[in-house]
Amino acid sequence: MYKRLRDGLFAPKKIIEYIKDKMYMPFLILIVYAILMTIPIIISNLTFTGLDYNTKLSVASVFNGEDIDYKIENSLLVNTSGKSDASYEKYLSSLIKVRLSEAEDDNLSAIYVIELGKDGFCVRFSYIRMFEGKYADYDVLKDLDLSKLSNKNSTEWDDIFSVVDSILKDYYKSTIAATIISSIIRYFGYLIIIALLLSLSFVFKFRGYLNYSAMFKMSVYYTAPFALGVVLTNLFSINIFSFIGIVISVVYTFIGSTSIISKLISSDRK
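The numbering scheme is per chain: residues are counted from 1 as the chain's sequence reads. Under the rules for a predicted model, residues below a pLDDT of 70 receive no local features and side-chain atom pairs below 80 are neither given nor counted, while totals for whole chains, interfaces and linings still include all residues. Here the side-chain values reflect all heavy atoms present in the structure, with hydrogen atoms and water set aside.

A word on the overall build of the protein chain
Note on conventions: DSSP H or I runs of at least 4 residues are helices, E runs of at least 2 residues are strands, and numbering of each starts at the N terminus. Along the backbone of the protein chain there are eight helices and eight strands. Here the C-alpha atoms of the protein chain give a radius of gyration of 27 Å, more than 25% beyond the 18 Å that 2.2 N^0.38 yields for 270 residues. Across its three principal directions, the C-alpha atoms of the protein chain cover 95 × 30 × 30 Å. Here, residues are in contact when the closest pair of their heavy atoms is within 4.5 Å. Within the protein chain, contacts between residues separated by at least 24 positions form 57% of all contacts whose residues are at least 6 apart in sequence. Only C-alpha atoms enter the radius of gyration; for comparison, a globular chain is expected to reach 2.2 Å times N to the power 0.38, where N is the number of residues.

Pasting the structure below:
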């Protein structure tokens, strides 16, 4: 297996040597690739220490200069203007909205809503409550002047982010198993699709000379650069690595085609 990984990355001409592999081998290789592609995600989840500074600054900046007539007093949300039926809404992005209101919102939402209600908060999508908690469960939220969040440098933001970081850490720990399984399945699917696309280059050239299983096996081994590109992308958050990986995989299929042609010509001469 190591040789197939090594040659898939560095010696594309040698891949033709594995053309007679049993069919279980390429699928085993794809599973190994999918696991390797998932490792950076696992490391990221296990070592998560909280939102980075730029993310926090970006969120705080959205509310800079806003009039936020709310505070949390004795673990209850209070509208400081005296309007108990009022609400405050602000979009963090096109997919995430923050809502503050003493009254619960029963309307269907097609985006994620971070809602601060009468005695607690929740994150919901449509009618599904993905997470919820009570202000009383967090010391920093029992009494908090939310109007000060209009200043992006306010210390109140430190209290808010300390709660967010705590929730995210617990979430990552509790979902690590599901994340690993879903990531492996997703990447395995990506690799199958890439292998099928790469195999088309062999189908057009060698129909009648090679059976499709042989062409598919070679294509699987040529997904190695793409797999490595995804690993580097997940490690360094630079998408160009994935693009470079797929380009190299395509180039390797052409090198493989040349190797097959050379072998066929040699066979004819004999």
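What follows picks up the thread again.
Some details on the side chain of Lys217
Tracing the backbone through its elements, the reader meets Lys217 in helix α6 (residues 212-221). Asp21 provides the closest opposite charge to the buried, salt-bridge-free Lys217, at an N-O distance of 6.6 Å. Within the structure, the side chain of Lys217 is placed 3.1 Å from the backbone oxygen of Ile19, a separation counted as a polar contact. For every residue, the accessible area (1.4 Å probe, protein chains only) is compared with the maximum for its type, and the residue is labelled buried under 20%, exposed over 50%, or partly exposed between those bounds. Only four residue types enter the tally: Lys and Arg on the positive side, Asp and Glu on the negative side; His and the chain ends are excluded. Each reported salt bridge corresponds to a side-chain nitrogen of Lys or Arg within 4 Å of a carboxyl oxygen of Asp or Glu. A 3.5 Å cut-off defines polar contacts: any pair of N or O atoms within that distance qualifies, except that in protein one atom must be a possible hydrogen donor and the other a possible acceptor, and neighbouring residues in sequence count only when both atoms are side-chain atoms.

Re the pattern of salt bridges
Side-chain pairs of opposite charge can arise where the charged atoms are in close proximity. In total, this model carries 15 salt bridges according to the counting rule given. For Lys134, the salt bridge is made with Asp119, and the minimal N-O distance between the two is 3.2 Å. Taken together, the positions of Lys134 in strand β7 (residues 128-134) and Asp119 in the loop between β5 (112-116) and β6 (120-125) put the pair 15 residues apart, joining distant regions of the chain. Owing to a relative accessible area of 36%, Asp119 belongs among the partly exposed residues under this scheme. The closest approach of N and O atoms between Asp139 and Lys142, which form a salt bridge, is 3.2 Å.

Describing the nonpolar core
Buried Ala, Val, Leu, Ile, Met, Phe, Trp, Tyr and Cys residues that are joined via side-chain atoms within 4.5 Å together make up what is termed a nonpolar core. Membership of the largest hydrophobic core comes to 35 residues, with the highest contact counts inside it found for Met37, Leu191, Phe202, Met218, Val220, Tyr221 and Tyr222. Within the residue set of this core, elements represented by two or more residues are α2 (24-46), α5 (176-206), α6, α7 (224-236) and α8 (240-269). In terms of residue count, the dominant contributor to this core is α5 (nine residues). Ignoring any residue separated from it by four or fewer positions in sequence, one finds Tyr221 in contact with Arg4, Gly8, Ile15, Tyr18, Asp21, Met25, Pro26, Ile29 and Tyr33. Counting residues in each nonpolar core, the second largest holds 21 residues, with Leu77, Leu141, Leu149 and Phe161 among its members.

What to know about the environment of Lys3
Structurally, Lys3 can be placed in helix α1 (residues 2-10). By relative accessible area, Lys3 is classed as partly exposed at 48%. Separated by twelve residues in sequence, Lys3 and Ile15 place their C-alpha atoms 9.5 Å apart.

Topic: the sheet that holds strand β1 (residues 70-73)
With respect to topology, three strands assemble into an open sheet ordered β2-β1-β8, the strand pairing being antiparallel. Taken across any chain shown, the strands that pair with only one partner, and hence form the sheet edges, are β2 (76-79) and β8 (144-145). In the sheet, β1 pairs with β2 via four bridges, with the strands oriented antiparallel. In the sheet register, Lys71 faces β2, and the bridge partner there is Val78. Here a strand pair is declared whenever DSSP counts at least two bridges between the two strands.

Brief notes about the packing of aromatic side chains
Aromatic rings from Phe, Tyr and Trp, taking only the six-membered ring of Trp, are treated as a pair when their centres fall within 6.5 Å; an angle between ring planes under 30 degrees marks them as stacked, one over 60 as edge-to-face, and anything in between as tilted. For the structure on display, the rule yields 15 aromatic pairs. A ring pair is formed by Tyr18 and Tyr221, whose centres lie 6.0 Å apart and whose planes are at 80°; its orientation type is edge-to-face. Here Tyr18, found in the loop between α1 and α2, pairs with Tyr221, found in helix α6; they are 203 residues apart in sequence, far enough to count as distant. Both residues of the pair, Tyr18 and Tyr221, count as buried. Taken together through their ring pairs, the aromatic side chains of Phe121, Phe131, Tyr135 and Tyr138 make up a single cluster. Stacked on the ring of Tyr187, the Lys or Arg Arg186 has its end atom at 4.9 Å from the ring centre. Think of it as a cone above the ring: NZ of Lys or CZ of Arg counts as a charge over the ring if it is within 6 Å of the ring centre and within 35 degrees of the ring normal.

Let's talk about the sheet that holds β7
Sheet architecture is open: five strands sit in the order β3-β4-β5-β6-β7, paired in mixed fashion. Since the sheet does not close on itself, it has two edges, and those belong to β3 (87-91) and β7, each with one partner. Strand-to-strand, the axes of this sheet are offset by a mean angle of 15°, without reference to chain direction. Bridge count between β5 and β6: five bridges; the pairing is antiparallel. To get an axis, a line is fitted to the C-alpha atoms, and for a helix only the part in contact is used. The angle between two axes follows their N-to-C directions and goes from 0 to 180 degrees.

Some details on the pairing of β6
The two faces of a sheet get side chains in turn, since along a regular strand they alternate between them. Counting the residues that bridge the hairpin from β5 to β6 gives three residues. Where β6 lies against β7, six bridges are found, and the strand directions are antiparallel. Bridge pairing in β7 places Phe125 opposite Ile128. Here β6 hands over to β7 after two residues, with Ser126 in that stretch at a positive phi of 60°.

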